[in-house]
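# Architecture at a glance
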Amino acid sequence: MQLLFEDLADFGEFEDFAAGDVRDPHTELARLGGRSPSSASRSPGIPGEEGKPIFMVYRYAEAQQVLRDNETFSSAIVTQAFGDVFGEHVMLGMDEPEHGRHRELVAKAFTQKSLARWEDTLVRPVGEALIDRFADRGGAELTREFTFPFPTLIIAALLGLPQQDYARFQRWSISLLSFTVNPERGRAASAALADYFRPILAARRAEPRDDLISALAAAELDGERLSDEEIFSFLRLLLPAGVETTYRALGNLLYGLLTDPDQLQAVCADRALVPQAIEEAVRWEPPLLMITRVATRDTELGGVPVPAGCSVLPVLGAANRQETRYPDPDRFDIFRPARAHLGFGSGGHVCLGMHLARMEMRVGLNLLLDRLPGLRLDPDGGDVYIRGQVFRSPTALPVRFDAPAQGTEPTRSMP
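Residues numbered from 1 in each chain as written. Predicted model: local features only at pLDDT ≥ 70, side-chain atom pairs only at ≥ 80, totals over all residues. Heavy atoms only, no water.

### As for the overall build of the protein
- Across its full length, the protein carries 17 helices and 14 strands.
- Per-residue burial for the protein yields a buried fraction of 56% across its 415 residues.
- Roughly 17,600 Å² of accessible area belongs to the protein as shown, and the carbon and sulfur atoms make up 51% of that amount. (Helix = DSSP H or I, 4+ residues; strand = E, 2+ residues; numbered from the N terminus. Buried < 20%, exposed > 50% of the residue type's maximum accessible area, 1.4 Å probe, protein only. Areas by Shrake-Rupley, 256 points an atom, 1.4 Å probe, with all protein chains shown as cover.)

And the structure:
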């Protein structure tokens, strides 16, 4: 278990690729969105048909239109671009009705009853055990010591993996997430994960347990059980969906509060503000800035013609900062009037784990505020900021707090 928190040599390399040192994409996105609801480009590294323009969609209404109309804007491009790593049965690359059938099966494992049980038996204990490791120091770097391992440990435990495998699982997660910069390493991790899960899945089919793999093994689609490959595809997808976006969203929430002491103090004093702080953080800095679709036929977006075969990218970060929808949109303001955002997507592919993510963020924030009195950014922690062109989160979160008297905090083990 010690390895999980100390063997993070790959984390920096992954962060440099996944985020990149782009501090402010929003100014340019707002400028482009002010000129047109969408624009065509030929951006390198974005999947699409060769020779076809790529359309970036900046405004809320048009972005939501793309996400809700899977007949005109297909998700199949996800499988086309990433299928060799996630598998041919990856749910993100399915359209209706296939997507709905698969999603319904998996959604049964994320019921409100399950979430309530996980909060008490898993999420809170994991958070407590992580904080135990640094609560008596008076300082920590929360990205490496809390926000990244927190959802990783939770997903591993939900899958029923043995603790001694957590470190290996985390390294595979990083390799899988960074496959676009290192395809061979990503493919190797994909194959390794299948090899690792194969005997575990066989054992769960023979003797089910109270874990997510057993639930998937027992699930039936049109009277038939999911195949091993279908389950492996979902498990590969669970890593970026369950780890990557949650750790970044929690980091963005903490950054927003830590850089605005008045709002942090308000949340400390009134925990009923936590849910709206979470929604504002996901609106203000969604962990994933854009999503990919492909036009199945000639169409238009806000009067802009879009030929069939073109990649279409709803830019969630731009839609969430549309000035006519959110006054003073660049400001992190937990007191702004509630209004729906696209931080978790929209339509049939709206984030399946968004309720779990919200719960993890709520529990994580409350634990940090409860356990670390006087929590504040470390003034000697260097230049800390949110960065990223596609994935967005802080470079680091160095903090200080008032350490408790020696011997007052219990030491907990991981569940």
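### Looking at the pattern of salt bridges
- Enumeration according to the criterion identifies 24 salt bridges in this entry.
- Between Asp228 and Arg205 there is a salt bridge, with the nearest N and O atoms lying 2.9 Å from each other. Here Asp228, found in helix H13 (residues 228-258), pairs with Arg205, found in helix H11 (residues 183-206); they are 23 residues apart in sequence, far enough to count as distant.
- Given a relative accessible area of 32%, Asp228 falls into the partly exposed group. (Salt bridge = Lys/Arg side-chain N within 4 Å of Asp/Glu carboxyl O.)

### Structural notes on the pairing of strand S10 (residues 311-314)
- Burial of S10 is two-sided: the residues Ser311 and Leu313 facing one way and the residues Val312 and Pro314 facing the other way are all buried.
- Pairing analysis gives four bridges linking strand S2 (residues 54-57) to S10, with the strands arranged parallel. From the neighbouring strand, Ile54 faces S10, where its bridge partner is Ser311. (Pairing = 2+ DSSP bridges.)

### Some points on the packing of aromatic side chains
- In total, this model carries seven aromatic pairs according to the counting rule given.
- Arranged with centres 6.4 Å apart and planes meeting at 55°, the rings of Phe134 and Phe401 form a pair that is tilted. Here Phe134, found in the loop between helix H7 (112-132) and strand S4 (139-141), pairs with Phe401, found in the segment after strand S14 (398-400); they are 267 residues apart in sequence, far enough to count as distant. By the burial criterion, Phe134 is buried, and Phe401 matches it.
- Here the aromatic residues Trp172, Tyr196 and Phe197 are joined through ring pairs into a cluster of three or more.
- Sitting over the face of the ring of Tyr385, Arg23 holds its NZ or CZ atom 3.6 Å from the ring centroid.
- The aromatic ring of Tyr60 is capped on one face by Arg325, whose charged end is 3.5 Å from the ring centroid. (Phe/Tyr/Trp six-rings, centres within 6.5 Å; stacked < 30°, edge-to-face > 60°. Lys NZ or Arg CZ within 6 Å of the ring centre and 35° of its normal.)

### What about the sheet that holds S4?
- Strands sit in the order S4-S14-S11 across an open sheet of three strands; the sheet is antiparallel. Edge strands, defined here as strands with exactly one partner in the open sheet, are S4 and strand S11 (376-377).
- Examined bridge by bridge, S11 and S14 share two bridges and lie antiparallel to one another. If you follow Leu377 over to S14, its bridge partner there is Val399.

### Observations concerning empty space enclosed by the protein
- In total, this model carries two cavities of 30 Å³ or more according to the counting rule given.
- Taken as a whole, the largest cavity encloses approximately 80 Å³ of empty space.
- What lines the largest cavity is His89, Met91, Met94, His102, Val106, Leu216, Leu226, Glu230 and Phe234.
- Residue assignment for the lining of the largest cavity shows that the elements contributing at least two residues are helix H6 (98-107) and H13.
- Looking at the lining of the largest cavity, its residues break down into six nonpolar, two polar and one charged. (1 Å grid on protein atoms, 1.4 Å probe; cavity = no way out; pocket = protein on both sides within 12 Å on 5 of 7 lines; lining within 4 Å. Points joined across faces, edges and corners; volume = space filled by probe spheres on them. Nonpolar A, V, L, I, M, F, W, Y, C, P; charged D, E, K, R; others polar.)

### Here's the deal with the nonpolar core
- Among the nonpolar cores identified, the biggest contains 98 residues, and Leu159, Leu161 and Phe197 are the most heavily contacted of them.
- When residues in this core are grouped by element, the largest group, 16 residues, is from H13.
- Aside from chain neighbours lying at most four places away, what touches Phe197 is Leu159, Leu161, Phe169, Ile213, Phe232 and Leu235.
- Listed in part, the 18 residues of the second largest apolar core include Phe73, Ile291, Val304 and Leu342. (Core = buried A, V, L, I, M, F, W, Y, C linked by side-chain atoms within 4.5 Å. Contact = heavy atoms within 4.5 Å.)

### As for helix H10 (residues 166-177)
- Over its 12 residues, H10 runs 16 Å from end to end, which matches the ideal 16 Å to within 8%, given 1.5 Å per residue.
- With 10 of its 12 residues buried, H10 lies for the most part within the structure.
- Of all the positions in H10, only Tyr166, Ala167, Phe169, Gln170, Trp172, Ser173, Ile174, Ser175, Leu176 and Leu177 are classed as buried. (Expected span 1.5 Å × (residues − 1).)

That is the geometry; function is a separate question.
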